[in-house]
Each structure stands twice: as C-alpha cells, then as structure tokens.
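# Topology and contacts: notes
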Amino acid sequence: MASRRSAGILLWRRGSGGVEVLVAHMGGPAWARKTVGSWSVPKGEYLDDEDPFAAALREFAEELGQPVPATEFLALGSVRQKSGKVVTVWAAEGDLDPDTCVSNTYEAEWPPRSGRIQTFPEIDRVAWMTPEDAKAVVIPAQAELFDRLVAALAAPRDPS
C-alpha cells in the first residue's frame, strides 16, 4: 500500500515580536476540545499524478477559503507523521486576517454509530503564533518544520 502524502503552505510574517506563523486547528467533533496535537500547517492529501506544490496551493485555498497571499516560496522539505503520512511543506511570507478564513467542509457520522450524518469544517479556526508556540500545539512531527523555517530566515542571504 502506498503511503499517504500531504502538501501544505506555512505562511509566515514579521510581527512586532518577531516571526509569526499561521496554523490551523483541525475541525470536527473529535478535535473540538483538544489543543495539543490538534493544530497543523494548512495542508491536504494529493494523488500520485498531482504535483505536490500545486496540491499545497490548492489545499491552502480550500482550507482557508482564499489563495496564498504570496508569490515567493521556500521549500522546507518533508516530515513523516506518526501515522506514516509524509507531509511536504513550502513556506511563504504573507499576511491574512484569520477572521476572514472560511474552511471547506466534510461529512461524518456523529455521534458515532448514530446513523446521523453531520457536516463539519475541515479547519475550525486559524491563528498567528510564534514558531515556539506553534511547535507546542501542532502535530508533533510538524514541529521540525518551524525549526527549519527559523533556521532558513536566520541564514545569510545570497546578495546575487
């Protein structure tokens, strides 16, 4: 069986207190009361014949209701989550108001074994956080992506 793969965009900005990253809280009743391990880089699965970067752009728009507000991207590489899913992420500097984000939805039986199908948002809220704060609440394997971003931003830039 092929491993599942996701691609996403880690939006970042320079705030008054330094670098901030945009993270999304997973929607639905299973995540409603959870904080630690329930936030993520906006991302989604893609098919074998799909370009991962194109999928990352699509998923950002689907999960946040608007396109990525950036044109330059930095590859942060991939991480493997506990589930085995491989997540590939690009970073982009940009800004957006979390209050304007509107996620796509999915249907699920809730409560379990009730026969009742309900609709839930894939993402129920979005927030700007420092990389350290984000690392404390995201899916554990994704914490490394924030370290990679901070390291890339601290590296000397090539003037050419």
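Refer to the preceding data block for the structure.
In what follows, the accompanying structure is described. (Residues numbered from 1 in each chain as written. Predicted model: local features only at pLDDT ≥ 70, side-chain atom pairs only at ≥ 80, totals over all residues. Heavy atoms only, no water.)

## As for the packing of aromatic side chains
With the rule as written, the count across this model stands at three aromatic pairs. Taking 5.0 Å as the distance between ring centres and 75 degrees as the angle between the ring planes, the aromatic pair formed by Phe53 and Phe73 counts as edge-to-face. One end of the pair, Phe53, is in helix α1 (residues 52-64); the other, Phe73, is in the loop between α1 and β5 (74-80), and 20 residues separate them in sequence. Judged by its relative accessible area of 25%, Phe53 is partly exposed. Grouped by ring-pair contacts, the aromatic residues Phe53, Phe73 and Trp90 constitute a single cluster. When the ring centre of Trp31 is taken as reference, the NZ or CZ atom of Lys34 above it lies at 5.4 Å. (Phe/Tyr/Trp six-rings, centres within 6.5 Å; stacked < 30°, edge-to-face > 60°. Helix = DSSP H or I, 4+ residues; strand = E, 2+ residues; numbered from the N terminus. Buried < 20%, exposed > 50% of the residue type's maximum accessible area, 1.4 Å probe, protein only. Lys NZ or Arg CZ within 6 Å of the ring centre and 35° of its normal.)

## A short note on the nonpolar core
Within the largest apolar cluster, 21 residues are counted, with the highest numbers of intra-cluster contacts made by Leu10, Val21, Val23, Phe146 and Leu149. Looking at this core element by element, the count peaks at five residues for helix α3 (residues 143-154). Those residues in contact with Phe146, other than ones at most four positions away along the chain, are Leu10, Val21, Val23, Val41, Pro131, Ala134, Lys135 and Val138. Counting residues in each nonpolar core, the second largest holds 19 residues, with Ile9, Ala70, Trp90 and Trp128 among its members. (Core = buried A, V, L, I, M, F, W, Y, C linked by side-chain atoms within 4.5 Å. Contact = heavy atoms within 4.5 Å.)

## Some details on the side chain of Glu20
On the secondary structure map, Glu20 appears in strand β2 (residues 18-26). A polar side-chain atom of Glu20 sits 2.5 Å from a polar atom in the side chain of Arg13. Look past the residues within four positions of Glu20 in its chain and what remains in contact with it is Leu11, Trp12, Arg13, Gly15, Trp128 and Met129. (Polar contact = N/O pair within 3.5 Å; in protein donor to acceptor, adjacent residues only side chain to side chain.)

## Things to note about the pairing of strand β8 (residues 117-121)
Burial along β8 is one-sided: the face carrying Gln118 and Phe120 is buried and the face carrying Ile117, Thr119 and Pro121 is not. Across five bridges, the pairing between strand β7 (residues 105-109) and β8 is antiparallel. Across the sheet, Glu107 pairs through a bridge with Thr119, a residue of β8. (Pairing = 2+ DSSP bridges.)

## Some points on the pattern of salt bridges
Within this structure, the stated rule accounts for 13 salt bridges. Across the pair Arg14 and Glu93 runs a salt bridge whose closest N-O atoms are separated by 4.0 Å. Of this pair, Arg14 sits in strand β1 (residues 5-15) while Glu93 sits in strand β6 (residues 86-93), and the two are 79 residues apart along the sequence. According to the relative accessible area criterion, Glu93 is partly exposed, its value standing at 44%. The salt bridge partner of Arg58 is Glu59, with a shortest N-O separation of 2.8 Å. When its relative accessible area of 28% is taken as the criterion, Arg58 is described as partly exposed. Overlapping salt bridges bring together Glu50, Arg58, Glu59 and Glu62 as one network. (Salt bridge = Lys/Arg side-chain N within 4 Å of Asp/Glu carboxyl O.)

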